[in-house]
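Structural overview for review
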Amino acid sequence: MTENLRVLHVVEGTSVDGPGLRTSIYLAGCNHHCPGCHNPESWNMGGGDTRTLDELMEVIAYNEAPVTFSGGDPLAQPKPLAHLVKRIKSELGYNVWCYTGYTWEQVKKEPQLMEVVSQLDVLVDSPFKIDERDTKLRFRGSHNQRLIDVQATLKNDKLTLWHD
Ligand code: SF4
């Protein structure tokens, strides 16, 4: 069976969603509805276009760059995303970041979300909070959001933040 993701857009060679020049893939759908969200048009689960995992792998491989998933909340499409991240890791070995409106503590309790997250290098967690907004923060919009080094966190069983 062909697997698909609903994609809002793909930005090639961006430096705003993680270190280095990356391929950022913005996925459709978000149920968090944070007040002050920068992208409320991304909330529609049926938004964007359907792309097969093969099509996305082709774009990612062509760019030869690390990958970031944003949105929307990419974890709104956990099953196909888990399969895509698995392919990126096994076929290309690229660094993968993902943004989500869930907290790490919430993700940990959901096996379906952990299927995606356990494969990541970095999870940028938590909903955007407008009263904690700070435009000077690197790779995040509000102070409550955390750049989590997923592999170190899982290895040490202790939440470990990512440092450049
Ligand atoms: S999680 Fe992100 S996309 Fe979703 S409402 Fe919050 S800021 Fe917007």
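Refer to the structure printed above.
None of these values were measured; they are calculated from a predicted model.

1. Side note on the overall build of the protein
- In terms of helices and strands, the protein carries 5 helices and 7 strands.
- For 164 residues, the compact-globule estimate of 2.2 N^0.38 gives 15 Å, and the C-alpha radius of gyration of the protein, at 15 Å, lies within 12% of that figure.
- The dimensions of the protein, computed from C-alpha atoms along their principal axes, are 40 × 35 × 30 Å.
- Counting all 164 residues of the protein, 45% fall into the buried class.
- Contacts in the protein between residues far apart in sequence, at least 24 positions, make up 63% of those at least 6 positions apart.
- On the protein, roughly 8500 Å² of surface is accessible, and the fraction owed to carbon and sulfur atoms is 50%.

2. Side note on the pattern of salt bridges
- All chains considered together, the criterion is met by 6 salt bridges.
- Where Arg 87 meets Asp 54, a salt bridge forms, and the shortest distance between an N and an O atom there is 2.7 Å. Of this pair, Arg 87 sits in helix 2 (residues 78-92) while Asp 54 sits in helix 1 (residues 53-63), placing them 33 residues apart in sequence.
- When its relative accessible area of 25% is taken as the criterion, Arg 87 is described as partly exposed.
- Among the charged side chains, a salt-bridge network with shared partners connects Asp 54, Arg 87 and Glu 91.

3. Quick notes on the site of the ligand
- As a matter of local geometry, the ligand sits amid Cys 30, His 32, His 33, Cys 34, Cys 37, Ser 42, Trp 43, Gly 72, Gly 101 and Phe 128.
- Judged by its atoms lying within 2 Å of the grid points, the ligand is housed in the largest pocket.
- Here the residues of the shell around the ligand sort into 5 nonpolar, 5 polar and no charged.

4. A closer look at the packing of aromatic side chains
- Tallying each qualifying case throughout the model produces 3 aromatic pairs.
- Judged by centre distance (4.9 Å) and plane angle (75°), the rings of Trp 97 and Trp 162 are edge-to-face. Of this pair, Trp 97 sits in strand 5 (residues 96-99) while Trp 162 is found in the segment after helix 5 (150-156), placing the two residues 65 residues apart along the sequence.
- Among the aromatic residues, ring-to-ring pairing joins Trp 97, Phe 139 and Trp 162 into one connected group.

5. A word on unusual backbone geometry
- A cis amide bond links Gly 71 to the next residue, Gly 72, at an omega of 10°.
- Of note, Gly 72 is situated in the loop between strand 4 (67-71) and helix 2.
- You will see that Glu 64, though not glycine, has its phi angle at about 45°, which is positive.
- With respect to the helices, strands and loops of the structure, Glu 64 is situated in the loop between helix 1 and strand 4.

6. Some remarks on empty space enclosed by the protein
- With the rule as written, the count across this model stands at 1 cavity of 30 Å³ or more.
- In this model, the largest cavity occupies a volume close to 30 Å³.
- In terms of lining, the largest cavity is formed by Cys 30, Asn 31, His 32, Asp 73, Ala 76 and Tyr 102.

7. Points about helix 1
- The set of residues buried in helix 1 consists of Leu 53, Leu 56, Met 57 and Ile 60. Seen along its axis, helix 1 keeps its buried residues to an arc of 100°; they face one direction. Within helix 1, the exposed residues directed more than 90 degrees away from the buried face are Glu 58 and Tyr 62.
- As for helix 1, its buried residues are in contact with strand 1 (4-14), strand 2 (22-27), strand 3 (49-52), strand 4 and helix 2.
- The positive-phi residue at the C-terminal boundary of helix 1 is Glu 64, with phi of around 45°.

Rules and cut-offs
- Residues numbered from 1 in each chain as written.
- Predicted model: local features only at pLDDT ≥ 70, side-chain atom pairs only at ≥ 80, totals over all residues.
- Heavy atoms only, no water.
- Helix = DSSP H or I, 4+ residues; strand = E, 2+ residues; numbered from the N terminus.
- Rg over C-alpha atoms; globule rule 2.2 N^0.38 Å.
- Buried < 20%, exposed > 50% of the residue type's maximum accessible area, 1.4 Å probe, protein only.
- Contact = heavy atoms within 4.5 Å.
- Areas by Shrake-Rupley, 256 points an atom, 1.4 Å probe, with all protein chains shown as cover.
- Salt bridge = Lys/Arg side-chain N within 4 Å of Asp/Glu carboxyl O.
- Near = heavy atom within 4 Å.
- 1 Å grid on protein atoms, 1.4 Å probe; cavity = no way out; pocket = protein on both sides within 12 Å on 5 of 7 lines; lining within 4 Å.
- Sits in = over half its atoms within 2 Å of the grid points.
- Nonpolar A, V, L, I, M, F, W, Y, C, P; charged D, E, K, R; others polar.
- Phe/Tyr/Trp six-rings, centres within 6.5 Å; stacked < 30°, edge-to-face > 60°.
- Points joined across faces, edges and corners; volume = space filled by probe spheres on them.
- Arc of directions from axis to C-beta.

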